[in-house]
Amino acid sequence: MTEEKARTAPSCGDEALTREQIEVWFRELSNWGRWGAEDELGALNLITPQKRIAAAALVREGACISLARDAIKQRMGVSAPFEHTMVSWGATRGAEGAADIFSVQFHGYTQTHLDALCHIFHEGAIFNGVPQQSVSAAGAERMSVVVMKDGIVTRGVLMDMPRIFNRQYLLPGDAICTQHLDACVERSGVRPASGDALILRTGRWAREAAEGPWDIEAGSAGLHASCLPWLKAHDIAVLVTDLAADLLPSRVAGVRMPIHLVTIGALGVPIIDNCDLEPLSRYAETHRRREFLFFASPLAVPGGTGSPINPVAMF
């Protein structure tokens, strides 16, 4: 097989998705009002106390695996670097200890972060129909990350897509379709259920290690927009990925990131981007386990549109 053929993106059987279809799905799949007009948690409401107790029962070995990529201090394409400045260190005259400053513009394709429900605007509104003007220069009045400060604790389900494609990592433009998601469920025997954290691996960091950096928006594997009804049908609470979840480019004219748009804006499902899922993939394959206790706690920042985050899988 030639390199060109090997990198041909698989078809999802519906390459002609239009912006109009995405708009239809935005309305038909919407969770606006499902938990009341004043709700700010969205799909996190699906994580009930019983769900957390059941997830905790999955812990048998006590092994913890961080899903966070170490903070990246150099610019990667359009994404800003993590800035770490020491203000007091071992050679600082009179210092009684070390101190430093962190500064991070976390949205983008580099740092592991959570997107809060105020992050996406659509036709003048954020999730649940709250006007986008509620997000001002001072931050978000509604749907900010601070409402999630009690943490996200639920069952995590790993969807290890390179193993379905029989590759070490997905290639530029590889489209994850509903048939791939279903094949992953059949292979693992673990079906995503209401309130789960769906962990989607494309092998992004394995690809970078093998091939070096690339223009992410010009050719990156991800979920084809036709997967949106599948995500709604499984009623997930949070979507966790090693890049941005979306197929890039999206193949939907006029809609840059349809998965982000509908998942956050209509379903009320927060997305955790840029995770490092390589250690999780290796552990899950070795131990033949695709479900585990998942937990993550964002920074408690009133008005914040998201947060750097360290998600953890516990087996």
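Attention here is on the structure that accompanies the text. (Residues numbered from 1 in each chain as written. Predicted model: local features only at pLDDT ≥ 70, side-chain atom pairs only at ≥ 80, totals over all residues. Heavy atoms only, no water.)

1. Notes on the layout of surface pockets
Then, number 1: Roughly 380 Å³ of internal volume is contained in the largest pocket.
Then, number 2: As for the largest pocket, its lining consists of 21 residues, of which His119, Ile120, Arg256, Met257 and His260 are closest to the centre.
Then, number 3: Secondary-structure elements contributing two or more residues to the lining of the largest pocket are α2 (19-28), β4 (113-115) and α8 (258-265).
Then, number 4: With three residues, the single largest contributor to the lining of the largest pocket is α2. (1 Å grid on protein atoms, 1.4 Å probe; cavity = no way out; pocket = protein on both sides within 12 Å on 5 of 7 lines; lining within 4 Å. Points joined across faces, edges and corners; volume = space filled by probe spheres on them. Helix = DSSP H or I, 4+ residues; strand = E, 2+ residues; numbered from the N terminus.)

2. Observations regarding α8
Then, number 1: Judged by how many residues are buried, α8 sits mostly within the fold: eight of eight residues are covered.
Then, number 2: By the burial criterion, the buried members of α8 are Pro258, Ile259, His260, Leu261, Val262, Thr263, Ile264 and Gly265.
Then, number 3: Taken together, the buried residues of α8 touch α2, β4, β10 (222-223), α7 (228-234), β11 (238-241) and β12 (271-273). (Buried < 20%, exposed > 50% of the residue type's maximum accessible area, 1.4 Å probe, protein only. Contact = heavy atoms within 4.5 Å.)

3. A few points about the state of the cysteines
Then, number 1: For the structure on display, the rule yields zero disulfides.
Then, number 2: Free cysteine: Cys275, not disulfide-bonded; nearest cysteine sulfur from Cys64 at 15 Å.
Then, number 3: Residue Cys275 is classed as buried on the basis of its relative accessible area of 0%. (Disulfide = S-S within 2.5 Å.)

4. Side note on the sheet that holds strand β1 (residues 64-66)
Then, number 1: Spatially, nine strands are ordered β1-β15-β13-β7-β9-β11-β12-β4-β14 in an open sheet, and the strand pairing comes out mixed. Two strands close off the open sheet at either side, each with one partner strand: β1 and β14 (306-308). Taking the axes of each pair of neighbouring strands and ignoring which way they run, one obtains an average angle of 25 degrees across the sheet.
Then, number 2: The sheet strands contacting α8 are β4, β11 and β12, and the helix crosses β12 at an angle near 140 degrees. (Pairing = 2+ DSSP bridges. Axes fitted to C-alpha atoms, helices over the stretch in contact; angles between N-to-C directions.)

The values reported here are purely geometric and, on their own, carry no functional implication.
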